[in-house]
Amino acid sequence: MSNLKKLLKNKGYSKIQLILGDTNHLEVTASINGVNGRFILDTGASNTCVGVDKASYFKLISKDSEVKAAGAGATDMETLVSAKNKIEIGEWKKTKQQIVIFDLVHVNEALIAHKSMPVDGIIGADILIKCKAVIDYASRNLFLKNKK
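From a predicted model like this one, the values you see are computed outputs, not experimental measurements.

J.: Please explain the nonpolar core as it appears in this structure.
T.: Across soluble globular proteins, nonpolar side chains have a tendency to be buried as a group. In terms of nonpolar packing, the biggest core is built from 24 residues, with Ile-32, Phe-39, Leu-60, Ile-89, Ile-123 and Leu-142 touching the most fellow members. Elements that contribute at least two residues to this core include exactly β3 (26-32), β4 (35-41), β9 (80-89), β10 (92-102), α3 (125-130) and β13 (141-145). Residue contributions to this core peak at four residues, all from β3. Excluding residues within four positions of it along the chain, Phe-39 makes contact with Leu-26, Glu-27, Val-28, Ala-30, Ile-32, Cys-49, Val-50, Phe-58, Asp-120, Gly-121, Ile-122 and Ile-123. One finds Ile-40, Leu-104, Val-119 and Ile-122 within the second-largest nonpolar core, a separate group that totals ten residues.

Next comes the structure, spelled out in structure tokens:
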């Protein structure tokens with residue numbers, strides 16, 4: 001595995017340690033607009049999301065969205081969208097990141113029911129694709145490509 005780490009480092013990737021939660025979700029600490037939070041890493045989520053109850057905590061300025069959210073057993077949920085946010089995951093940074101805001105109560109209730117800590121949001125495929133993410137499940141590391 002050290003060969004993978006060396007290869008990715010030489011290609012301009014930064015390494016972020018992932019946390020394996022009690023529910024086997026991979027979690028990561030990220031900063032949005034200078035505020036740290038706990039996020040599930042979700043390759044199946046199309047967008048990066050924050051719970052509506054955490055919007056002001058992360059200094060998100062939102063507007064209505066016509067897009068409906070679905071996932072984790074819930075469908076047709078109302079969403080808001082916030083543009084031009086700064087997000088940092090380890091050394092990786094992005095400005096002007098759009099974030100979807102919706103009610104994550106159903107997600108956090110499921111986590112709590114399994115004796116896990118609630119999360120502030122979800123890091124989705126939008127970010128993972130942009131930064132050419134590589135997930136090393138064995139070592140629980142996330143590698144994100146830094147901009148040149």
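Here the narrative resumes.
J.: Teacher, can you tell me more about the packing of aromatic side chains here?
T.: Each aromatic ring pair is specified by the distance between its two centres and by the angle formed by the two planes. Summed over all chains, the structure comprises two aromatic pairs. An angle of 80° between the planes, with centres 4.9 Å apart, marks the rings of Tyr-57 and Phe-58 as edge-to-face.

J.: Can you walk me through the side chain of Asp-120 in this structure?
T.: Among the structural elements, Asp-120 can be located in the loop between α2 (105-113) and β11 (121-123). Side chain to side chain, Asp-120 and Lys-54 meet in a polar contact 3.3 Å long. In contact with Asp-120, not counting residues within four places along its chain, are Gly-37, Arg-38, Phe-39, Val-50, Gly-51, Lys-54, Phe-58 and Leu-104.

J.: I tried to follow α2 on my own but got confused; where do I start?
T.: Helical geometry note: an α-helix holds 3.6 residues per turn, so side chains three or four residues apart project in the same direction. What α2 keeps buried is the set His-106, Val-107, Asn-108 and Leu-111. The positive-phi residue at the C-terminal boundary of α2 is Lys-115, with phi of around 60°.

J.: Which parts of the structure should I look at to understand the pairing of β9?
T.: The side chains of a regular strand alternate, residue by residue, between the two faces of the sheet. Where β3 meets β9, two bridges bridge the pair, whose relative direction is antiparallel. Across the sheet, Ser-31 pairs through a bridge with Glu-88, a residue of β9. Of the strand pairs in this sheet, β9 and β10 are connected by seven bridges, and their pairing is antiparallel. Residue pairing in the sheet places Ile-89 in a bridge with Trp-92 of β10. In textbook terms, the turn of a hairpin is the stretch between consecutive antiparallel strands, and for β9 and β10 this stretch comprises two residues, one of which, Gly-90, has a positive phi near 60°.

J.: Would you mind showing me how to read the pattern of salt bridges here?
T.: When the charged atoms of two side chains with opposite charge come close together, those side chains can pair. One pass over the full model with this rule turns up three salt bridges. In this structure, Asp-120 and Lys-54 form a salt bridge, with 3.3 Å as the shortest nitrogen-oxygen distance. Of this pair, Asp-120 sits in the loop between α2 and β11 while Lys-54 sits in the loop between β5 (49-51) and β6 (63-64), and the two are 66 residues apart along the sequence. Relative accessible area serves as the criterion here: at 26%, Lys-54 is assigned to the partly exposed category. Of the charged contacts, one joins Glu-88 and Lys-86 as a salt bridge, the two residues approaching to 3.5 Å between their closest N and O atoms.

What counts, and where the lines are drawn
Within each chain, residue numbers correspond to sequence positions counted from 1 in written order. A pLDDT threshold of at least 70 governs which residues receive local features in this predicted model, and a stricter bar of 80 or more applies before side-chain atom pairs are shown or counted, although totals over entire chains, interfaces and linings include all residues. The basis for every side-chain value is the complete set of heavy atoms in the structure, and neither hydrogens nor water enter the calculation. Residues belong to a common nonpolar core when they are buried Ala, Val, Leu, Ile, Met, Phe, Trp, Tyr or Cys residues joined through side-chain atoms within 4.5 Å. Using a 1.4 Å probe on the protein chains alone, a residue whose accessible area is under 20% of its type maximum counts as buried, one over 50% counts as exposed, and one in between counts as partly exposed. Numbered from the N terminus, helices here are DSSP runs of H or I no shorter than four residues, and strands are runs of E no shorter than two. The contact criterion used is simple: two residues touch if any of their non-hydrogen atoms lie within 4.5 Å. Note on aromatic contacts: the rings of Phe and Tyr and the six-membered ring of Trp form a pair at centre separations within 6.5 Å, being stacked when their planes are under 30 degrees apart, edge-to-face when over 60 apart, and tilted otherwise. N or O atoms closer than or at 3.5 Å make up a polar contact, with two conditions inside protein: a donor-capable atom paired with an acceptor-capable one, and, for residues adjacent in sequence, both atoms drawn from side chains. At least two DSSP bridges between two strands are needed for those strands to be called paired. Salt bridges are identified by distance alone: a Lys or Arg side-chain nitrogen within 4 Å of an Asp or Glu carboxyl oxygen.

Keep in mind these numbers describe shape, not what the thing actually does.
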